[in-house]
Structures are given as structure tokens and as C-alpha cells.
Amino acid sequence: MGAADVEAVWRIESARIVAALTRFTGDFGLAEDAAQEAVAEALVSWPLAAPANPAGWLMAAARRRAIDAIRRRTALQDRYALLAAGPAVDDEIDPDRIDDDVLALMFVSCHPVLSREARVALTLRVVGGLSSEEIARAFLVPVPTVQARITRGKKTIAAAGVPFELPAAGERRERLGAVLSVLYVIFTEGSTATSGDRLVRPDVAYEAIRLARTLAALQPDEPEVHGLLALCELTAARFPARTGPDGSPVLLEDQDRRRWDFSAIRRGLAALVKASTRGLGPYGLQAAIAAAHASAPSVEATDWDRIVVLYEALGRVAPSPVVELNRAVAVAMASGPAQALAIVDELIALDRLPGSHLVPTVRGELLARLGRRPEARAELELAARLCANQRERSVLLRKAAALG
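Residues numbered from 1 in each chain as written. Predicted model: local features only at pLDDT ≥ 70, side-chain atom pairs only at ≥ 80, totals over all residues. Heavy atoms only, no water.

As recorded by an unreviewed UniProt entry, the chain carries the name RNA polymerase sigma factor (Sigma-70 family) and is attributed to Micromonospora purpureochromogenes. Regarding the chain, the UniProt comment filed under Sequence similarities (unreviewed entry) reads as follows: "Belongs to the sigma-70 factor family. ECF subfamily." (UniProt positions renumbered as here; feature names shortened; annotations may be inferred.)

Below, the structure is given as C-alpha cells:
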């Protein structure tokens, strides 16, 4: 077995291993460090002698590393004695506890005491099983930056005395919102990269979907979990048609809808049904908008009036300038660009999205549709200057140039 095999086993089993170790040791940071050391040991050992039970091998190795670390802490001899007398390797992953363990691990990784960057890094590292190098590539930051976020995150959790347990029923839904927001950040970075030379990073987006599926299995009665999963599935369904062979963006109206992933659309629509059991929340409403796009045979045949209504509902339950900007786009399709331009100009007057390339992008498109070509070109050139994603920037400059 080579490095690829170790990586595959780790990606599947990492959350269970770190969760079980955290429960055994009561120390999140120690558990994650011990698990990483076990992976390093596997990279050396497995090519020489492949284990019959790779997951059990990793658990046993990580547990040994944790015991060694605890042994070195003289103040924790009692805990070491408890671990040393613990269950046999074959029983270390308790099938009756593991779902709660993984769910608790998600809550710890997304704890409110952490910065958003630390939550994202820890979730991808300890729940998703990604390496620091993979996380760094996903978010286009240096590897030492990711490592520092993970280290600071573990120290913050330890200093705050965050317990490894499920939140009390009264606060669980609020804390669940923090978990969902982290998965949403990961997915959106994968579906439209904020910077770099790629529009879409499918590997990042699909990791968010995998984590959302895990969360939906662990929290089947939470509609918004299914809402987020539906949104991710329906959005990812368009990935195959969103870029050309050279990686350049393909606009929605130009996409070959036959290339959309219809299996993902079916999964997304099924998750949306589950999200609708008690009325749609913010993620469910966004998923319903994505479903309207996914179900339409063309841009012209899209039910834009329904999308406008859904954006209005989203603006009431989760108001934000981005929602208003997206509503303007839908209004332009349903009622014409003049009405939409008034919405965008109000956002500008209130300085709701300072420094964002999205506002001049939308305003430029609306002005072009109204025949105000010089103004439209100036807006699109401004959008290009503000845009950090090279692929999006090239499209904006091409549109500006076409306006003469």
C-alpha cells in the first residue's frame, strides 16, 4: 500500500478516529496531533507491510501516540492509567457512539470561540481529513498560514475549555447554524473561487457536499441541514457546463444544459423536499432558487417571477446586500432592466457592498441592456479592476471591449 492508499483511508476514517481519540483523552488538540502522527507512521509502514484492517491500524497507532504524549505529562498520570486500561483495538470505535462523536467533532471544530478562518481550517483538517497543503491550495494561502490557523484554533479550544460533547438541546440549533455557515463558506469558495486562475474548484466544493451529507445523516430532523445539502447539490449540478475546455467561464445563458449533472439535480430536489417539512429557512430558500434554475430548459423559460418572490422571502429572513443584488438580477429578467437598476443604485447610495466587483458587474450589464453603452463599459472595467479571480476578470474585460 502506498501514499495514495493511506490518504484514501485517512480521508474516510479521519473524523471517526479524531472523534474517538478526543472522547478517550478529553483533549482535542492532542487527539488531532496523535492522529496526524499515526498517518505519518502509516506512510512509512504500510508500503512494507499492508495491514489487514487499515482503519483499526490507524486507530491503534494514534492511540499509542496519545498515550505516549499523556505519559509525558506527569500531571495526567491518572488519565494515562485510564487509557492504558481502555478497550481492545477491535472495540475502540464504538458503533453506538460514533455518530454522536463525529457530530460533536463538527461542533468543536466550528465553535464560536474560533475565528471563521480557524473554523474552516479545522473542519477541513479534522473532519474532512485534508492536509494543510490541500487546504492551502483550496484557499490560495501559504501552507504556514493554514498551519498557524490550525495551531491557534486548537490552542483557543483548549484555553476556552471547550468540552467534547454535543451542545445542550437549547443551544444546539444555534450552534448548528455555525456548522452550516462553515460548510457554506467551503462550498462557495469551491463553486466560485474568490481569487486565482480557476473559476471553479470542484474538489473543494465536493468536500463540502461530502461533509453536508454526513451532517444530514447525523441530523436528519433538521430542515436547514437538508436545505444546505440541496443548495450544494443543485449548484454543483451545473459545474460540468460552467467552464469551457480552456477553463474560461460559460455564462448561464450559454451553458449546454445537457451537460448538467441530472443525478445531482435529483439528489438536490429530494433534499429540498426534506428541507420543506417546516417551512424553508435561508439555505432552503436559496436551494429553491437553485431548483428553479435547474428545472428550467433555458434562461428564457425560467420562472423568473418565482425567483423574484423567493429572493424577496430570503431578504426578509436573511437580509443582505448580496441577496438584494441577486434580486435585482432576477427583477431584470422578470420585469426589465430599468426597475432592477433602481435596486442596484440604492445599494450604491447606501454603500452596502463597498469594494465588491459584483455591484459594477450587475450595473454594467443593466446599463448595456438599456443601451447606455459608455456607462456600461466604464462599470465593467471597474468591475474587472476589483475582481481578484482571473477567469472572471477576463470575461468582464471582454464584455467591456465589446461595448466599444
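Trainee: Sorry, what's going on with the side chain of His226 here?
Mentor: Along the chain, His226 falls in helix H11 (residues 223-236). Of the polar contacts made by the side chain of His226, one reaches the backbone oxygen of Pro220; its length is 2.9 Å. Dropping the residues within four chain positions of it, His226 is found in contact with Ala216, Gln219, Pro220, Ala271, Lys274 and Ala275. (Helix = DSSP H or I, 4+ residues; strand = E, 2+ residues; numbered from the N terminus. Polar contact = N/O pair within 3.5 Å; in protein donor to acceptor, adjacent residues only side chain to side chain. Contact = heavy atoms within 4.5 Å.)

Trainee: How should I be thinking about the packing of aromatic side chains in this particular structure?
Mentor: Aromatic ring pairs: the centre-centre distance and the angle between the two ring planes describe each pair. Under the criterion given, the structure shown has four aromatic pairs. Between Phe187 and Phe239, the ring centres sit 6.3 Å apart and the planes meet at 15°, which makes this aromatic pair stacked. Separated by 52 residues along the polypeptide, Phe187 in helix H9 (residues 169-191) and Phe239 in helix H12 (residues 239-242) bring together distant segments of the chain. Grouping residues by exposure puts Phe187 and Phe239 together as buried. Each residue in the set Phe187, Tyr206 and Phe239 is aromatic and connected to the rest through ring pairs, giving one cluster. (Phe/Tyr/Trp six-rings, centres within 6.5 Å; stacked < 30°, edge-to-face > 60°. Buried < 20%, exposed > 50% of the residue type's maximum accessible area, 1.4 Å probe, protein only.)

Trainee: How should the packing of helix H15 (residues 304-317) against helix H16 (residues 321-335) be read in this particular structure?
Mentor: When two helices pack together, their arrangement is given by the angle between their axes and by how far apart the axes lie. Where H15 meets H16, the closest approach of the two axes is 9 Å, and the angle between their N-to-C directions is 160°. Between H15 and H16, the interaxial angle falls into the category roughly antiparallel. Seen from above, H15 lies across H16 with left-handed handedness. From H15, Trp304, Asp305, Ile307, Val308, Tyr311, Glu312, Leu314 and Gly315 reach across to H16, where they touch Val323, Asn326, Arg327, Ala330, Val331, Met333 and Ala334. Residue classes in the contact of H15 with H16 are distributed as 10 nonpolar, two polar and three charged. (Axes fitted to C-alpha atoms, helices over the stretch in contact; angles between N-to-C directions. Parallel < 35°, antiparallel > 145°, perpendicular 65-115°, else oblique. Left-handed = near helix turned anticlockwise from the far one by under 90°. Nonpolar A, V, L, I, M, F, W, Y, C, P; charged D, E, K, R; others polar.)

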